[in-house]
Amino acid sequence: MSNESKRSEGAAEKLGGKIKGTIGKLIDNEQMEAEGKVKEMKGEAKEESAKSAERAKGKVEEVTGAIKNRIGHAIDNEQMQAEGKLKEVTGEARQRANR
């Protein structure tokens, strides 16, 4: 399962838990309210785990891109520099998108 799928699944579980907890509170059912809170927290944990994995993936992309960019610069290879810079920027964007 991809991190995006895990993140979506976590968000859906979090929302479902919030709804269940709210309904439990409205009908004065403490057990239902507690179950909803647990489900909400599990969903949040899944969502955060997926975001963390994506941030790590972004950091790897950023670092490998920076290395490739600098090697390209050192050997005067503009294509290698451009490819490295693209990967570096892509990695930075992935990290920002998963804060």
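Structure shown above.
Bear in mind the structure is a predicted one, so any value in this text is a computation, not a measurement. (Residues numbered from 1 in each chain as written. Predicted model: local features only at pLDDT ≥ 70, side-chain atom pairs only at ≥ 80, totals over all residues. Heavy atoms only, no water.)

Undergrad: What exactly am I supposed to notice about the overall build of the protein chain here?
TA: Regarding its fold elements, the protein chain presents three helices and zero strands. Starting at the N terminus and walking to the C terminus, you meet the elements of the protein chain as α-α-α. A globule of 99 residues ought to have a C-alpha radius of gyration of about 13 Å, yet the protein chain, at 21 Å, is considerably larger. Considering only C-alpha atoms, the protein chain reaches an extent of 70 × 20 × 10 Å along its principal axes. Evaluated residue by residue, the protein chain yields a buried proportion of 25% over its 99 residues. In the protein chain, the proportion of contacts linking residues at least 24 apart, taken out of those at least 6 apart, comes to 57%. For the protein chain, the distance from the average position of its 21 positive side-chain charges to the average position of its 19 negative side-chain charges is 1 Å. (Helix = DSSP H or I, 4+ residues; strand = E, 2+ residues; numbered from the N terminus. Rg over C-alpha atoms; globule rule 2.2 N^0.38 Å. Buried < 20%, exposed > 50% of the residue type's maximum accessible area, 1.4 Å probe, protein only. Contact = heavy atoms within 4.5 Å. Lys, Arg positive; Asp, Glu negative; His and termini not counted. Charge placed at Lys NZ, Arg CZ, Asp CG, Glu CD.)

Undergrad: Just checking my understanding: could you explain the packing of helix α1 (residues 3–26) against helix α2 (residues 30–74) for this structure?
TA: When two helices pack together, their arrangement is given by the angle between the helix axes and the distance between those axes. Their axes nearest at 7 Å, the elements α1 and α2 cross at an angle of 160°. Judged by the inter-axis angle, α1 sits roughly antiparallel to α2. Like other packed secondary-structure pairs, α1 and α2 cross with a definite hand, here left-handed. Residues belonging to the contact of α1 with α2 are distributed by class as follows: five nonpolar, eight polar and 19 charged. (Axes fitted to C-alpha atoms, helices over the stretch in contact; angles between N-to-C directions. Parallel < 35°, antiparallel > 145°, perpendicular 65-115°, else oblique. Left-handed = near helix turned anticlockwise from the far one by under 90°. Nonpolar A, V, L, I, M, F, W, Y, C, P; charged D, E, K, R; others polar.)

Undergrad: I keep staring at the pattern of salt bridges and nothing clicks. Help me out?
TA: It is possible for side chains bearing opposite charge to pair when their charged atoms get close. In the structure shown here, the tally under the stated rule is 12 salt bridges. Across the pair glutamate 61 and arginine 94 runs a salt bridge whose closest N-O atoms are separated by 3.0 Å. Placement of the pair is glutamate 61 in helix α2 and arginine 94 in helix α3 (residues 78–97), with a sequence separation of 33 residues. Glutamate 88 is the partner of arginine 70 in a salt bridge, and the nearest nitrogen-oxygen pair spans 4.0 Å. Highlighted residues: arginine 70 in helix α2 and glutamate 88 in helix α3, separated in sequence by 18 residues. Through salt bridges with shared partners, a single network forms among Glu9, Glu13 and Lys46. (Salt bridge = Lys/Arg side-chain N within 4 Å of Asp/Glu carboxyl O.)

Undergrad: Help me understand the environment of glutamine 79, please; the structure alone is not making it clear to me.
TA: The topology assignment puts glutamine 79 in helix α3. For glutamine 79, a relative accessible area of 55% gives the class exposed.

Undergrad: Hey, could you run me through the environment of lysine 39 in this one?
TA: Considering the arrangement of structural elements, one finds lysine 39 in helix α2. Assessed through its relative accessible area of 35%, lysine 39 is described here as partly exposed. Separated by 21 residues in sequence, lysine 39 and valine 60 place their C-alpha atoms 32 Å apart. Every residue in contact with lysine 39, bar those within four places of it in the chain, is listed here: Glu13, Lys14, Gly16 and Gly17.

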